[in-house]
Amino acid sequence: MPRSAIKPPRLARGQTIGLVSPAGPTAAGGVAPHALETRGYLAGTDAGRAADLRAMFADPDVHAVMCIRGGYGAMRTLAALDYDLVRRHPKVFIGYSDITALHLAFHHRAGIVTFHGPMAHAVAQADRHDLTHLLQAVTDAAPLGPLVNPPGGPTVETLVPGAAEGILIGGNVALLASLLGTPYLPGFGGALLFLEDIVDHPYQLDRNLVQLRLAGVLDAAAGIVIGECRLRAERPATAGPTLSIREVLDDVIVPLGKPAIYGLACGHGTYHLTLPIGVRARLNATQGALSIEEAAVA
C-alpha cells in the first residue's frame, strides 16, 4: 500500500469529464469511442474498453473520468492498462460496484487516489445529494470530514465499538474476493477497510466475507466499515431457511473484535456517498462515524 498516494488535480468549473463504460453495456451517451458498444453482458470488447481508459488518461483535455455504470467486465481490462500512464497523468476517477477492480488496481499499481462514488447513471437518476457530495470531494482541496448519511438513508449501526485510523480502501466485496491472488490487489495492513455488496442470497455475501477472512484481509485491517449490503429481491417464504445480512455480519465481522460499523450509504442503495480511496480516515465505531481526515485532490 502506498505511503502517500498521488492526488489528482481538483476539478474546476468548465472542465471536461470523460464518460467510459469499462464493465457492462449502457444505453446512455458517452465521450469514449467504445462507451456505447455491446457484446453480451460487456460494453464491447476487452481491448476497446481498455483503450478507452488509456485514452481518457492520456487526453490533456479530459480532467476527470466517470464510469457510466458497473455490471461486469472491469477485471478483464486490468492486464491491458498502462499504470505508468495513469501515474504520470493522475485524474479524478469515479465509480463503484464492478469498478472496484479498477480502483484497487489504480491504487496498487499506479498509487493514485480514486473515488468510490456515484456513476453517471446514478447521478442522472438520483436527487442532488449524490452530486453535491461528489462535487465537494473532487473540487475542494480540503478534507471531507465526517461522512453523514442523508435523511431517508440507512441508520448506521455499531457492530464493534472502538476507534481506528488508517488509509481508506475497499469497495465491492465480490470484487475484492475475486482479486485475491492477483497482482492487482493491494495490501490492507493497518487500513480502514470499507465493503459493500448486492447479492441474490445472503450466503453469497457470507462466502465472500469468509474468503477475505481466510485470506487474511479482514485480520490485516485496523477497522471495518460495512456499507449497504442488499438483497436484489426479497426471498419468498418458500425459499427455505437462510440467515439475514446482519446475522452474516455478526458471524463473520463481529468476532474479529475490530472497530466496525454497518450501514454507511455507499454502494447499491438509494444514496451514494463519495469515499476517496487512498487517503487517511478515522473511524469512531462507538459513535457510528467515519471521517475523512485528508484532502483527496490537490
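Residues numbered from 1 in each chain as written. Predicted model: local features only at pLDDT ≥ 70, side-chain atom pairs only at ≥ 80, totals over all residues. Heavy atoms only, no water.

**Q** Explain the nonpolar core to me, please; I cannot follow it from the model alone.
**A** The tendency in soluble globular proteins is for nonpolar side chains to be buried side by side. Within the largest apolar cluster, 95 residues are counted, with the highest numbers of intra-cluster contacts made by Leu195 and Ile253. Excluding anything up to four places from it in sequence, Leu195 contacts Gly171, Val173, Leu176, Leu209, Leu212, Leu218, Ile224, Val225, Ile226 and Gly227. (Core = buried A, V, L, I, M, F, W, Y, C linked by side-chain atoms within 4.5 Å. Buried < 20%, exposed > 50% of the residue type's maximum accessible area, 1.4 Å probe, protein only. Contact = heavy atoms within 4.5 Å.)

**Q** Any chance you could explain the sheet that holds strand β12 (residues 280-284) here in plain terms?
**A** Adjacent strands of a sheet pair through backbone hydrogen bonds, lying either parallel or antiparallel. Strand order in the open sheet made by the eight strands is β5-β13-β12-β7-β8-β9-β10-β6, with mixed pairing throughout. Two strands close off the open sheet at either side, each with one partner strand: β5 (145-147) and β6 (157-160). Neighbour-to-neighbour, the strand axes of the sheet open up by a mean angle of 40 degrees, direction not taken into account. In terms of strand pairing, β6 meets strand β10 (residues 260-267) through three bridges, oriented antiparallel. Within β10, the residue paired with Thr158 across the bridge is Ile261. Most of the contacts of helix α9 (residues 245-252) go to β6, to which it runs at about 30 degrees, and overall it touches β6, β9 (223-231) and β10. (Pairing = 2+ DSSP bridges. Helix = DSSP H or I, 4+ residues; strand = E, 2+ residues; numbered from the N terminus. Axes fitted to C-alpha atoms, helices over the stretch in contact; angles between N-to-C directions.)

**Q** Teacher, can you tell me more about helix α3 (residues 100-110) here?
**A** One full turn of an α-helix is made of 3.6 residues, so residues set three or four places apart face in the same direction. In terms of burial, α3 is largely enclosed, as nine of its 11 residues are buried. Within α3, burial applies to Thr100, Ala101, Leu102, His103, Leu104, Ala105, Phe106, His107 and Ala110. Two residues or fewer past α3, Gly111 is found with a positive phi of approximately 70 degrees.

**Q** Would you take a moment to explain the sheet that holds strand β1 (residues 17-20) for this structure?
**A** Spatial ordering of the open sheet is given by β1-β2-β3-β4-β11, a layout of five strands whose pairing is mixed. The two strands at the open ends of the sheet, each matched to only one other strand, are β1 and β11 (275-277). Strand-to-strand, the axes of this sheet are offset by a mean angle of 25 degrees, without reference to chain direction. Pairing between strand β2 (residues 64-67) and strand β3 (residues 92-95): three bridges, direction parallel. Paired with Val65 across the two strands is Phe93, which belongs to β3.

**Q** I keep staring at the environment of Leu185 and nothing clicks. Help me out?
**A** Mapped onto the elements, Leu185 comes out in the loop between α6 (173-179) and β8 (192-199). Taking the relative accessible area as the measure of exposure, Leu185 reaches 15% and is therefore buried. Taking the C-alpha atoms as reference points, Leu185 and Pro161, 24 residues apart in sequence, are found 28 Å from one another. If we skip the residues at most four places from it in the chain, Leu185 touches Leu104, His108, Leu176, Leu179 and Leu180.

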